[in-house]
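Single-letter residue listing:
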Amino acid sequence: ENESSVSITVVGASGDLAKKKIFPALFALYYEGCLPKHFTVFGYARSKMTDAELRNMVSKTLTCRIDQRENCGEKMDQFLKRCFYHSGQYDSQEHFEALDKKLKEHEGGRESNRLFYLSIPPNIFIDAVKCASSSASAASGWTRVIVEKPFGRDSESSAALTKALKQYLTEDQIFRIDHYLGKELVENLSVLRFSNLIFEPLWSRQYIRNVQLIFSEDFGTEGRGGYFDNYGIIRDIMQNHLLQILALFAMETPVSLDAEDIRNEKSHTRGGVTHPGYTDDKTVPKDSVTPTFAAAALFIDNARWDGVPFLMKAGKALHNRSAEIRVQFRHVPGNLYNRNIGTDLDQATNELVIRVQPDEAIYLKINNKVPGLGMRLDRSNLNLLYSTRYSKEIPDAYERLLLDAIEGERRLFIRSDELDAAWSLFTPVLKELEEKRTIPEYYPYGSRGPVGAHYLAARYKVRWGDLG
Ligand code: BG6
């Protein structure tokens, strides 16, 4: 095992994701001693670059959590020595054959294992998979390919993509990333639920009134208008990140923690400054009707969740950046203290908040007596704030996911039937919105989003927990 080699080829090495996430994550893994002894990193892209230029680029974009640490510079130099660059077209067998040669040199006759990270636009995806798998597959060990969304734009295009991928790769070789599944608190969701008696029995319509999945960002689509306008917020965030969280939240108990068992269960079921508006962005068509905010109510058709609204909202250019899960519990029947709570009974129910980011935390709102001679109740938090409870830094989602891919752990990756199920939920509404060219409700940059989100929630007698 020690004598086998692992190479990681980042296809699309000069792109945004590679610079912001993939290289920093690889470096963090190296720093932590998690990469195998014989590893090599290759950047692959069309532009001409020398190894030295790639190293320079990688060192400059090092934005990972490690850059404040001791020895960072030294470790960085060691890491960079293992990074190389190969320039080539994404659809050229010949260029991938040349890469294959270089990889072989680095493998030096050891067992070869190759991971390709495709960080390229969907229109060149299949060509690259074809070339990589036919001209640069590992001769002896495994070959795996990590792919990033967008996985199509609806059920049909996604199915076509899957079909094309499967011409060249088996399902076992395909690692579909949803980086939200690599976030610490999303991973913790199952632990919280399945290993705590005070939560597990409550996880159903009997005790839960509604569940909210909220994503907000305090910046717009700056620089990514071209991509974003083609997809919109429903495809960018809801159909994948929020729906994945919903599936993990609501699934039945998996038979075991095995990847296939978990994936089986899931598939069942900045103010003050003036910012340019969305269509002021030069990369966005003036008459665009692509939504940058969306809210939705979903229901799960099984006995556990009958009638419980799962509300999602996701938006760009809002007042804050956050991602959280809010679980609002039912009222205590015949609560003895109702009259001490005040008029707003809704505000007095328990709420469990799982804050995925920033400032990771889990807190539970409970009713408590305000100290003093009178009898007045208020809602207070039992608070688990990660930064005070745990001294260890939280790894970036990409670190966990890359390591899992290297180790062949599939639990946090999306299987093709899960992807089909996710698309089948959103394709009809996407089609309808697009056919009718529905004009989205406007909201100012840096606001809390359009009022329509409140009306939607009110229809299900829900109040968004993040708005107080
Ligand atoms: C990506 C979306 O998947 O997730 C982006 O394409 C979004 O639009 C990003 O900004 C958010 O990720 P994170 O980890 O910063 O919350």
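From a predicted model like this one, the values you see are computed outputs, not experimental measurements.

Peer 1: Sorry, what's going on with the overall build of the chain here?
Peer 2: The secondary structure content of the chain amounts to 14 helices and 13 strands. Taken over the C-alpha trace, the chain has a radius of gyration of 24 Å; the compact-globule value for 468 residues is 23 Å, and the two agree within 12%. With the C-alpha coordinates aligned to their principal axes, the bounding extent of the chain is approximately 80 × 50 × 45 Å. Among the 468 residues that make up the chain, the fraction classed as buried is 52%. Per element, the accessible surface of the chain, about 22100 Å² overall, is 52% carbon and sulfur.

Peer 1: Where do I start with the UniProt feature "domain: Glucose-6-phosphate dehydrogenase C-terminal" (unreviewed entry) in the chain in this structure?
Peer 2: The positions UniProt marks with the feature "domain: Glucose-6-phosphate dehydrogenase C-terminal" (unreviewed entry) are residues 191-267 and 272-464. Annotation note: span residues 191-267, helix share 51%, strand share 12%, distance between end C-alpha atoms 19 Å.

Peer 1: Could you clarify how one ought to interpret the confidence of the model for the chain in this entry?
Peer 2: Close inspection of predicted coordinates is inappropriate in any region flagged by low pLDDT. Predicted confidence across the chain gives a mean pLDDT of 92, with 97% of residues reaching 70 or more. For the chain, per-element mean pLDDT is lowest for helix α10 (residues 338-341), which scores 76, and highest for strand β3 (residues 83-87), which scores 98. Confidence estimates for the predicted assembly give a pTM of 0.92 and an ipTM of 0.97.

Peer 1: Looking at this model, I keep getting lost on unusual backbone geometry. Mind explaining?
Peer 2: Most of the time, phi is negative for any residue but glycine, and the peptide bond is trans. A cis geometry characterises the amide bond from K149 onward to P150, with omega recorded as 5 degrees. Examined against the element boundaries, P150 turns out to sit in the loop between β5 (143-147) and α6 (155-168). A cis amide bond, omega -15 degrees, links Q357 with the succeeding residue P358. For P358, the position within the fold is in the loop between β11 (351-357) and β12 (361-369). Although it is not a glycine, D359 sits at a positive phi angle of roughly 50 degrees. Tracing the backbone shows D359 in the loop between β11 and β12. Given the relative accessible area of 53%, D359 is considered exposed. Phi at R437 takes a positive value of approximately 45 degrees, unusual for a residue other than glycine. Topologically, R437 is positioned in the loop between α13 (416-435) and α14 (452-459).

Peer 1: Honestly, the sheet that holds strand β9 (residues 310-315) in this entry has me stumped. Any pointers?
Peer 2: The strands that make up a sheet pair up through hydrogen bonds in the backbone, lying either parallel or antiparallel. Strand order in the open sheet made by the 7 strands is β8-β9-β7-β10-β11-β12-β13, with mixed pairing throughout. Single-partner strands in this sheet number two, and they are β8 (293-298) and β13 (377-385). Looking at each pair of strands side by side, their axes are set apart by 15 degrees on average, direction ignored. Taken together, the 8 bridges between strand β7 (residues 208-216) and strand β10 (residues 322-329) define a ladder with antiparallel strand orientation. Directly across from V211, in β10, lies its bridge partner V327. Across the sheet, helix α8 (residues 225-250) lies against β7, β8, β9 and β10, angled at about 145 degrees from β9, the strand it touches most.

Peer 1: When you look at the sheet that holds β5 in this model, what are you seeing that I'm missing?
Peer 2: Within the open sheet, the 6 strands sit side by side as β3-β2-β1-β4-β5-β6. Their pairing is parallel. Either end of the sheet is taken by a strand with one partner, and the two such strands are β3 and β6 (174-176). The average undirected angle you get between the axes of adjacent strands in this sheet is 20 degrees. This element, helix α2 (residues 51-60), spans β2 (38-45) and β3 of the sheet and lies at about 120 degrees to β3.

Peer 1: I'm lost on the site of the ligand in this one. Help?
Peer 2: The environment of the ligand is formed by K149, H179, Y180, K183, E217, R224, Y227, D236, H241, K316, R321 and Q357. At 2.6 Å, a side-chain N or O of D236 approaches an oxygen atom of the ligand. Compared with its free state, where it exposes 390 Å², the ligand has 85% of that area covered by protein. Per-element accounting of the shell around the ligand gives the leading share, 3 residues, to α8.

Peer 1: Can you help me understand the pattern of salt bridges in this one?
Peer 2: Counted according to the given criterion, the structure contains 31 salt bridges. Between D100 and K104 there is a salt bridge; the shortest N-O distance is 2.8 Å. Taken as a pair, D100 and K104 lie in helix α4 (residues 93-107) at a separation of 4 residues, close to a single helical turn. Its relative accessible area of 10% is what places D100 among the buried residues. What makes K104 partly exposed here is its relative accessible area of 44%. The shortest N-O distance in the salt bridge between D466 and K313 comes to 3.2 Å.

About the thresholds
- Residues numbered from 1 in each chain as written.
- Predicted model: local features only at pLDDT ≥ 70, side-chain atom pairs only at ≥ 80, totals over all residues.
- Heavy atoms only, no water.
- Helix = DSSP H or I, 4+ residues; strand = E, 2+ residues; numbered from the N terminus.
- Rg over C-alpha atoms; globule rule 2.2 N^0.38 Å.
- Buried < 20%, exposed > 50% of the residue type's maximum accessible area, 1.4 Å probe, protein only.
- Areas by Shrake-Rupley, 256 points an atom, 1.4 Å probe, with all protein chains shown as cover.
- UniProt positions renumbered as here; feature names shortened; annotations may be inferred.
- pLDDT = per-residue confidence, 0-100.
- Pairing = 2+ DSSP bridges.
- Axes fitted to C-alpha atoms, helices over the stretch in contact; angles between N-to-C directions.
- Contact = heavy atoms within 4.5 Å.
- Near = heavy atom within 4 Å.
- Polar contact = N/O pair within 3.5 Å; in protein donor to acceptor, adjacent residues only side chain to side chain.
- Salt bridge = Lys/Arg side-chain N within 4 Å of Asp/Glu carboxyl O.

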